[in-house]
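Structure at a glance
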Amino acid sequence: MPRRADAVDDYGAAIPQIILSSTDSDFLDQLIPVLKDAATSNRTQSLIQSLGQYSIDREADIERIGLTKHEEFLDSVGKLQSVREGTVSLTAEILTLNQSIQASTEKLAEQKEALVNTKAIRQNIADAAAALKESLKILHAVNHAHDLAKGQHYYAALKSLDDLQNEHLIPILQNRYATQHRLADVIQKSIPASQKIISEAVMNDLNTWLYRIRETSQFLGEVAFYHTELRRSRHRKRTDEDPYLTNFKLNSAIELVYDENEEFDVLNNEEVQVNFTPLFEALHIHEALGQVEKFRAEYAATRRQQKDLLLPSSVALLAEDESSLSSLLEGIAGFAIIEKATMRKVPHLRSAADIEEIWESMCNAAIKLTSKALNLVSNAEELLKVKGFIALFIQTMEGWGYSVTALDSFLLALFEKYAELLKTRFSEDFQEIVSTDDYMPMAINSPEEYEKVVNVSWFTQPSHELTFPCVLPFSQMYPLCCIDIRNFLNQFYFFSDDHFQHPDIIDDTLRKSLDELLTQKVCQCLVERLSSQYLGQIVQILINLEHFETACRELEQLLIRARSSTSAGGPLKLNATEEFQTNKKAAEKRIFELVNSKIDDLVETAEYDWTPSSVNPEPSSYIQTLTRYLENIMSSTLLGLPREIKELIYFDALSHAADKILALPLSDDVKYINAYGVSVLAQDVQYLIRFVESLENGQMLRQNLDELQQTVDLMQSDNSEEFFDISTRNKKYGRVDAMNGPILLEKLTAVSNVPSKSAPLSNFSSRFNMMR
């Protein structure tokens, strides 16, 4: 930048000094600062007036001098004529006058020389004025370029500088003898600095624009998310009207065609307007300066810095800070949208590789921050909100052509944690339901309550067949577990709403998790309670197991209908179904054990006198208690069991009772049995048979007592020898054990009026050995 000349206060005093300079170089050295000052301070007209005034003054001086001497010359001529007319005596005076004329002539010559010098000075002034005029044109062009730059007309300013060079500076510089050569040289050297000033001004405007864009990014992302949410709503409405459209997701070609009437420019709408003019202007200026590559590098570096400023050090996912993640994703979305729009509007400024690199770095940073924050989340609903934010982010950016593979993979990891949290929560719920159940049939007071139970559980029975209040076969834990199972299914499938690219994984994980919950938290807990000594509780567990098995089979069909098209086809089996079925057998076995144990206790109370002297007409108290017990459990405790299970229990109980009663006379402690003792036993057996025949399936159940009945008949037979005749024994005593019959007959014979007790014993023993 050339040093600015000192300001001149009065051109009237300066111009004589310039004109009277001794040399040309001194003349120019004094003239140039005056010209610069006049151009800088807009006093060019004052300078011209001063020069004109100086010229007029000099002309007046010359005229005055000329007129004054001419009058003296005329006077001299007049005097000469007078002298000539005079006398010769005046010769001496003439000579003197001649000398005077010579002196006047010399003086006139000096004045003429002064006049010539004055004309040269006027020519110099004219040349200076012409040079000044040309210089003023140059200075005016320079000032015009700077004025354009100040008015932010940067490209016009560059064009003005270019015109200045081509029209003025270059021609002058090519002529080394041109008057404005030094001025042109100084201005030419200042042009790069002027271009740099323009370039810096453009970059300042661009940086201001970039700052505003960065501040607008989050709001731009929020608007883009809102628009995507509206598209979601419209697409859901269309799919409700036409289920075929469920095959086409958001951003698919079909969805875009359906939604083309709802065009929306996220960069230019009522909410936000992004003007790319500063960017275009900056690029245009740098193209004019030949600095495109430098500009691209600076712009890319600035955007990378803004990207780093956009990413926080951490995010929060908890309910009170849920805006933290959404703000981050909105900011990233707005930033990426501007990058993509920039590439589309100015393809040679931002390459696809650069934008993808920035996009991947932002996605990886967001995933890293979110993954770190997930460690503090223990609520599945919070994860569902996180998934909602990320899914909305994915669908928005997928519409702008960005790759969302990394985000889809992160959603898979998010789902795994979501599934674990769900399983943990429902495990606790199932365990609490099972542990706090009263294991009593569920009481229903009204049809409304019944409808609620039927709607949530897999149980169907027409309500018109019921009389309210009533009781349902299962306990309260069954519908409560069914509610949790349905909620568990719904919670799982909530994750697949809107956007999730792995529905087959949801199907598989759901099946495994449901299997684990039903097997370990329901079935296993019920099995652990089978150790109870309360028959009613065991019966209720068996009934619950029966209904849970039915529920599992219904669940299998439900999962088949609900699974996605990408999942493997074919039948679907839950391991829990087999577990409930298997442990239902264990519950039945436990019921048999408790019933048979009670029968054992009752039979052990039997106090038979095997050798009484008479017969009591009333049945024994233990047999009456036993029949009442069997009757009571069938009409109350076992009432809720399925018919086939009840019959099986009754069948086993009667068979066990017959065996235990038969074991009484076979005991080693019983040595002798007389006819009265057999009559007492026969009376009790007949009481038991009458009780069994009174039951609904008495004829079938009575078969369990055939061995006991035939054994008693054998003991009461007058001809016991028939037992040892194979043909007769098969007809009359076919159910009597071949080993037990001789033993009982020996005990009867031992008390008969036979002189020797040893002979019959040996006789029966020999026959028994023959039979064996």
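Quick notes on the rules
- Residues numbered from 1 in each chain as written.
- Predicted model: local features only at pLDDT ≥ 70, side-chain atom pairs only at ≥ 80, totals over all residues.
- Heavy atoms only, no water.
- UniProt positions renumbered as here; feature names shortened; annotations may be inferred.
- Helix = DSSP H or I, 4+ residues; strand = E, 2+ residues; numbered from the N terminus.
- Buried < 20%, exposed > 50% of the residue type's maximum accessible area, 1.4 Å probe, protein only.
- Polar contact = N/O pair within 3.5 Å; in protein donor to acceptor, adjacent residues only side chain to side chain.
- Contact = heavy atoms within 4.5 Å.

Identification of the chain as Exocyst complex component SEC15 from Sarocladium strictum is taken from an unreviewed UniProt entry. The UniProt entry for the chain carries the following text under Sequence similarities (unreviewed entry): "Belongs to the SEC15 family." The UniProt entry for the chain carries the following text under Function (unreviewed entry): "Component of the exocyst complex involved in the docking of exocytic vesicles with fusion sites on the plasma membrane."

What follows deals with unusual backbone geometry. Of note, the bond from Phe 468 into Pro 469 is cis; its omega dihedral lies within 30 degrees of zero at 0 degrees. Assignment of secondary structure puts Pro 469 in the loop between α14 (447-456) and β2 (470-472). In this model, Tyr 439 sits at a positive phi of 50 degrees, which is unusual for a non-glycine residue. Relative to the assigned elements, Tyr 439 resides in the loop between α13 (405-435) and β1 (442-444). With relative accessibility at 3%, the residue Tyr 439 sits in the buried group.

Bringing the side chain of Asn 269 into the picture now. When you line up the elements, Asn 269 lands in the loop between α7 (253-258) and α8 (277-289). For Asn 269, a relative accessible area of 12% puts it in the buried group. At 3.0 Å, the side chain of Asn 269 and the backbone oxygen of Val 266 are in polar contact. For Asn 269, the contacting residues outside a window of four places in its chain are Val 223 and Phe 264.

Within the secondary structure, Lys 307 sits in helix α9 (residues 292-310). For Lys 307, a relative accessible area of 12% translates into the label buried. Side chain to side chain, Lys 307 and Asp 308 meet in a polar contact 3.2 Å long. The contacts of Lys 307, once residues within four sequence positions are left out, are Phe 335, Ile 358, Ser 361 and Met 362.

What follows is about the environment of Gln 49. Mapping Gln 49 onto the fold places it in helix α3 (residues 44-85). Placed 37 residues apart in sequence, Gln 49 and Gly 12 show a C-alpha to C-alpha distance of 9.2 Å.

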